[in-house]
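What follows is each chain in one-letter form.
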Amino acid sequence: MRVLILAPHPDDEINVAGSMIVSLSRKGAEIFAAYSTNGDFEQSAEVRAAEAIESLKILGVDSDHVIWLGYGDTYNGTGKPHVFYAETPMQSRAGHSSTYAPRGFKPWRQSTYTRANFFADLKSLILELRADVIFCVDLDFHADHRALSLAFDRIMGEILHCEEYRPTVFKKLAYATAFTAEQDLHSDCLLPTKRPRLGLEAYDFDLIGKFFYDWESRIRFPILPQYRKPLLKGNPIARAVFAHKSQRIQRNALAIINADEVFFERRTDSITFRAKVSASSGNADAVCDFRILDLIDINESPPRFGNFAWTPSKDDRERRLTFHWNAPQSVRLIKIYGVLDGFVDKLRISFDNSMSLECRVERGGLPTVIELPTPIEITRAEFRILSADGEFGIGEIEMFSTIKPKRAIQPPATIDCEEQRPRLLQVLRLRFRQLLERIYIHWIRRKH
């Protein structure tokens, strides 16, 4: 099995999938870690690379499986342009205008810093590796995180329309569920990742409960039992965190290591990617482009969501979308994503087998899920808005042949060490262990 970790900076490989790298490498998976930037905003690429190589070696990844796309590290609010918007060649804060790799490595491709090249390089990487599983950073506060997440969604949409490649895709809020997550108390085993809440460092917009960020639908993978020790000494994930000395993230080990690693899955097996789609007005392609959300400006805080949806014109009386396939398709599950503002009060869905149904599209961008009692065979599906209010639209329509996806890796049905309310004696023990951990972390920082 081949696994690809897509991270914006050296050290984000741990935030995106630290315990997964350890677990999967122990099972013999071939793991690649790809960085979109060299992390050269404050430190040199050589320093960041040396730390990343050491960290990945601890986690079980060889240096020849580390890939440098070679773009410049940036940040929100610096006034510097971002390659995500660069129509013409630009220069990064570190003074580079084309992709490069740290000494001893080669960039994935030699490209000038433009948006088109950034997208093309990422696409060529995904198509060449064709990993069975992709772990990609999600929509965090940082502009580089947002750029990689949004670029991946766009590129994945292009790939799914023209290729038969259907990887298992997991997105990760690297800040909210790892780097700046709550520093959970330690019991005889670690406690699960807590639901992110607004107000944590670098988490300025509550995504949970919007779009596909349904906390109850999150995918959870447990950390290996041998790493659920109450102290961090000897834990490879903690050692991998400590390897990134220049980033001073040792204290974040208490937040990164949890009993479970939390992801939001993006299914790639929707039959809409194989269909011809048309609309009575508006951009029909918006409902099957893999993009459920988009931002007006990746540098803004808090973010504003842009025009990513299909919106029929105001004078369109039909307000209709049509999917057509050249061969019969099996449908068992339908997901319809709306937008944050405005809603579709009544939507009629009609199939060419004479079956039809009506539904309301959920507010807040969360999907309306329609589970059919039995699979149906169709070659045509029509979605017609009968009643709507506000700035309504449909962000994405997904249609699946199965209720559950066929994943390259399966999370367990249940995870032990569920959250619990410790008694007074347990609290005292936990506080003592946490104090020991902080002393150990302080010693590590002084040592480095």
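So, how was this worked out
- Residues numbered from 1 in each chain as written.
- Predicted model: local features only at pLDDT ≥ 70, side-chain atom pairs only at ≥ 80, totals over all residues.
- Heavy atoms only, no water.
- Helix = DSSP H or I, 4+ residues; strand = E, 2+ residues; numbered from the N terminus.
- Expected span 1.5 Å × (residues − 1).
- Buried < 20%, exposed > 50% of the residue type's maximum accessible area, 1.4 Å probe, protein only.
- Contact = heavy atoms within 4.5 Å.
- Pairing = 2+ DSSP bridges.
- Axes fitted to C-alpha atoms, helices over the stretch in contact; angles between N-to-C directions.
- Salt bridge = Lys/Arg side-chain N within 4 Å of Asp/Glu carboxyl O.
- Core = buried A, V, L, I, M, F, W, Y, C linked by side-chain atoms within 4.5 Å.
- Parallel < 35°, antiparallel > 145°, perpendicular 65-115°, else oblique.
- Left-handed = near helix turned anticlockwise from the far one by under 90°.
- Nonpolar A, V, L, I, M, F, W, Y, C, P; charged D, E, K, R; others polar.
- Phe/Tyr/Trp six-rings, centres within 6.5 Å; stacked < 30°, edge-to-face > 60°.
- Lys NZ or Arg CZ within 6 Å of the ring centre and 35° of its normal.

Student: Could you give me a rundown of helix α3 (residues 115-129), with the residues and numbers involved?
Tutor: Compared with an ideal rise of 1.5 Å per residue, which puts 15 residues at 21 Å, α3 spans 22 Å between its outermost C-alpha atoms and is within 8% of the ideal. Residues of α3 that are buried: Arg 115, Phe 118, Phe 119, Asp 121, Leu 122, Ser 124, Leu 125, Ile 126 and Leu 129. Those residues of α3 that are buried lie in contact with β1 (2-7), β2 (30-37), β3 (66-71), β4 (133-137) and α4 (143-162). Trailing α3 by a residue or two, Arg 130 shows a phi angle of about 45°, which is positive.

Student: Before we move on, could you go through the environment of Thr 37 and cite the residues and values that matter?
Tutor: Residue placement: Thr 37 occurs in strand β2. The class for Thr 37 is buried, based on a relative accessible area of 4%. Thr 37 sits 32 residues away from Leu 69 along the chain, and the two C-alpha atoms are 6.5 Å apart. Setting aside chain neighbours within four positions, we find Thr 37 in contact with Pro 8, His 9, Pro 10, Tyr 71, Gly 72, Asp 73 and Asp 144.

Student: Tell me about the sheet that holds β3, residues and numbers included.
Tutor: In spatial order, the strands read β3-β2-β1-β4-β5-β7-β6; together these seven strands make up an open sheet with mixed pairing. The sheet terminates laterally at β3 and β6 (219-222), the two strands that pair on one side only. Pairwise comparison of adjacent strand axes, ignoring direction, gives a mean angle of 25° for this sheet. Bridge count for β1 against β2 is six bridges, and the pairing is parallel.

Student: Outline the pattern of salt bridges, listing residues and values.
Tutor: The final tally for this structure, using the stated rule, is 22 salt bridges. Glu 261 is the salt-bridge partner of Lys 172, the closest N and O atoms lying 2.8 Å from each other. Residue Lys 172 is located in strand β5 (residues 168-172), and its partner Glu 261 is located in strand β7 (residues 260-266); the two are separated by 89 residues in the primary sequence. Put simply, Arg 291 and Asp 294 hold a salt bridge, and the shortest N to O gap is 2.5 Å. In this pair, the class of Arg 291 matches that of Asp 294, namely buried.

Student: Got a sec to walk through the nonpolar core? Specific residues and values, please.
Tutor: Core analysis: the biggest nonpolar cluster contains 111 residues, and Leu 6, Leu 122, Ile 134, Phe 135, Phe 152 and Tyr 213 have the highest contact counts within it. In terms of residues, this core owes the most to one element, α4, which gives ten residues. Not counting chain neighbours up to four residues away, the residues in contact with Ile 134 comprise Leu 4, Leu 6, Ile 126, Phe 152, Tyr 165, Pro 167, Thr 168, Val 169 and Phe 170. One finds Ile 271, Trp 310, Phe 351 and Leu 372 within the second-largest nonpolar core, a separate group that totals 32 residues.

Student: Which residues make up the packing of α3 against α4, and what values do they have?
Tutor: It is at 10 Å that the axes of α3 and α4 come closest, and there the two elements cross at 60°. Relative to α4, α3 is oriented oblique. In this structure, the crossing between α3 and α4 has a hand that is right-handed. Contact with α3, carried on its side by Arg 115, Phe 118, Phe 119, Leu 122, Lys 123, Ile 126 and Leu 127, involves Ala 147, Leu 148, Ala 151, Phe 152, Arg 154, Ile 155, Glu 158 and Ile 159 of α4 and no other residues of that element. Of the residues contributing to the contact of α3 with α4, the split by class is eleven nonpolar, no polar and four charged.

Student: Any details on the packing of aromatic side chains? Residues and values, ideally.
Tutor: Given two aromatic rings, one states the distance between the centres and the angle between the planes to describe the pair. All told, the structure shown has 23 aromatic pairs when counted by the stated rule. Between the aromatic rings of Phe 118 and Phe 119, the centroid separation amounts to 6.1 Å while the plane-to-plane angle is 75°, which identifies the pairing as edge-to-face. Pair check on accessibility: Phe 118 and Phe 119 agree, each one buried. Ring geometry for Trp 215 and Phe 264: centres 6.5 Å apart, planes at 55°, overall tilted. You can see Trp 215 sitting in the loop between α5 (175-179) and β6 and its partner Phe 264 sitting in strand β7, a full 49 residues away along the chain. Here a set of aromatic residues connected by ring pairs shows up, and it is made of Tyr 71, Phe 84, Tyr 85, Tyr 113, Phe 118 and Phe 119. Here Arg 93 stacks its cationic end above the ring of Phe 41, 4.1 Å away from the centre of that ring. One cation-aromatic arrangement involves Arg 266 over Phe 212; the distance from NZ or CZ to the ring centre is 5.1 Å.

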